[in-house]
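Next come the chains, spelled out residue by residue.
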Amino acid sequence: MDAQDGGWRRAWEGAGRHLRGAGRGLADLILPPMAHDSREATAAAGLTPDAWSRIKFLEAPVCDGCGAAFDFDGGAFAEDRCAACIAKPYAFERARAACLYDEASRGLILRFKHGDQQQFAPLFARWIGRAAADLVEDADVILPVPLHRFRLLSRRFNQAAEIARPLARHAGRDYLPDALVRTTHTTSQGGKSRRGRRLNVKKAFAVTEAGRRRIRGRRILLIDNVLTTGATGEACARALIDAGARAVDLAVIARVRNARELIM
């Protein structure tokens, strides 16, 4: 079983998908689905209108390199990258974020990451599928940022994998949850400077031998939860490129507003 992919869950997915679909339709007639952020009934499981209205979705134009929103559309002759990405590009080639990481989105994402609330995964997969549609279209392979086995035991599932799997399935792309592994049990990135984050994950990732054969010469779309400084995405991208990947793009649920401006 794929360690990063929820293990036993995959064994039941194929056989149960049609039964679940039929059962869900009947159940919805009797008990309308609840919003993920409250006990309010919705037409389909998602967010309440109030929560939805407060999410700051990142719409085009955005920087092609880091996904930051531009203040205005500069037209046909404008640069497609922000000044920071032109001066010092990330190791990954392109990035997209579905929304801004702020007071409105933070609670939802933390409940998903640390609160064992897996119901958010399909919702976040749809958000990323919309925001990163061009990256999904260009990708040969979709894979999640991996968790170390110790952290996987404490969280019980890899949140990035729960997003990457349905995204790959819907797009018809190869899904390789165990091609990239985290070899070092790093400390939390929270509270660290940009330099501290970079050093914390510098050699934390490696590509497996089986993964090396599957990614060679292919374009990879890497899925993560939040882009803060980009250190984790860069470390993963370098490991994948060193193993023979043609290029690596990054897609996340959310990004902090000042990802490239944090204190070094």
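Residues numbered from 1 in each chain as written. Predicted model: local features only at pLDDT ≥ 70, side-chain atom pairs only at ≥ 80, totals over all residues. Heavy atoms only, no water.

Naming follows an unreviewed UniProt entry, where the protein chain appears as Competence protein ComF of Brevundimonas nasdae.

> Would you mind going over the overall build of the protein chain with me for this structure?
A tally of regular secondary structure across the protein chain gives 11 helices and seven strands. For the protein chain, buried positions account for 48% of its 264 residues. Residue pairs at least 24 apart in sequence account for 74% of intrachain contacts in the protein chain once pairs closer than 6 positions are excluded. Entry remark: accessible area of the protein chain is about 13,600 Å², with carbon and sulfur atoms responsible for 55%. (Helix = DSSP H or I, 4+ residues; strand = E, 2+ residues; numbered from the N terminus. Buried < 20%, exposed > 50% of the residue type's maximum accessible area, 1.4 Å probe, protein only. Contact = heavy atoms within 4.5 Å. Areas by Shrake-Rupley, 256 points an atom, 1.4 Å probe, with all protein chains shown as cover.)

> Can you walk me through helix α8 (residues 159-171) in this structure?
Since there are 3.6 residues in each turn of an α-helix, residues three or four apart along the chain are aligned in direction. The end-to-end C-alpha distance of α8, which contains 13 residues, comes to 19 Å, matching closely the 18 Å that a straight helix rising 1.5 Å per residue would cover. Of all 13 residues in α8, 10 are buried; the element is thus mostly enclosed. Every buried residue of α8 is listed here: Gln159, Ala160, Ala161, Glu162, Ile163, Ala164, Arg165, Pro166, Leu167 and Ala168. Downstream of α8 by a residue or two, Gly172 has a phi angle that is positive, lying close to 70°. (Expected span 1.5 Å × (residues − 1).)

> How do you make sense of the packing of helix α4 (residues 103-114) against helix α5 (residues 120-131) when you look at a structure like this?
Helices that pack against each other are described as a pair by the angle of their axes relative to one another and the distance between those axes. Two elements in contact, α4 and α5, have axes whose closest approach is 10 Å; the angle formed by their N-to-C orientations is 125°. Judged by the inter-axis angle, α4 sits oblique to α5. By crossing handedness, the relation of α4 to α5 is classed as left-handed. Across the interface between the two elements, Leu108, Ile109, Arg111 and Phe112 of α4 pack against Phe120, Ala121 and Phe124 of α5. Class assignment of the residues belonging to the contact of α4 with α5 gives a composition of six nonpolar, no polar and one charged. (Axes fitted to C-alpha atoms, helices over the stretch in contact; angles between N-to-C directions. Parallel < 35°, antiparallel > 145°, perpendicular 65-115°, else oblique. Left-handed = near helix turned anticlockwise from the far one by under 90°. Nonpolar A, V, L, I, M, F, W, Y, C, P; charged D, E, K, R; others polar.)

> In this structure, what is going on with the confidence of the model for the protein chain? I would like to understand it.
If pLDDT is low for a region, its predicted coordinates should not be looked at in detail. Overall, the prediction assigns the protein chain a mean pLDDT of 79, with 68% of residues at 70 or greater. When the criterion is pLDDT under 50, residues 8-34 qualifies, and its contacts beyond four places in sequence or with other chains add up to 26 contacts. When the criterion is pLDDT under 50, residues 40-45 qualifies, and its contacts beyond four places in sequence or with other chains add up to 18 contacts. (pLDDT = per-residue confidence, 0-100.)

> Sorry if this is basic, but what is going on with the sheet that holds strand β1 (residues 94-100) here?
Backbone-to-backbone hydrogen bonds pair the strands of a sheet. The strands run either parallel or antiparallel. Spatially, β1-β7-β6-β2-β3 is the arrangement adopted by the five strands of the open sheet, whose pairing is parallel. Because the sheet does not close on itself, it has two edges, and the strands there are β1 and β3 (174-175). Relative to β3, strand β2 (residues 141-144) runs parallel, the two sharing two bridges. Bridging from a neighbouring strand, Val141 pairs with Asp174 of β3. The strands touched by helix α11 (residues 231-242) within the sheet are β2, β6 (219-227) and β7 (247-255), with β6 carrying the most contacts at an inclination of about 160°. (Pairing = 2+ DSSP bridges.)

> Would you mind showing me how to read the nonpolar core here?
Buried together is how nonpolar side chains tend to be arranged in soluble globular proteins. Formed by 36 residues in total, the largest nonpolar core has its most connected members in Phe124, Trp127, Ile142 and Ile223. At seven residues, the largest contribution of residues to this core is made by α5. Beyond its immediate chain neighbours, meaning those up to four positions away, Ile142 contacts Val136, Ala164, Leu167, Ala168, Arg173, Asp174, Tyr175, Leu176, Leu221 and Ile223. Residues Cys63, Leu143, Ala179 and Leu227 belong to the second largest nonpolar core, which totals 34 residues. (Core = buried A, V, L, I, M, F, W, Y, C linked by side-chain atoms within 4.5 Å.)

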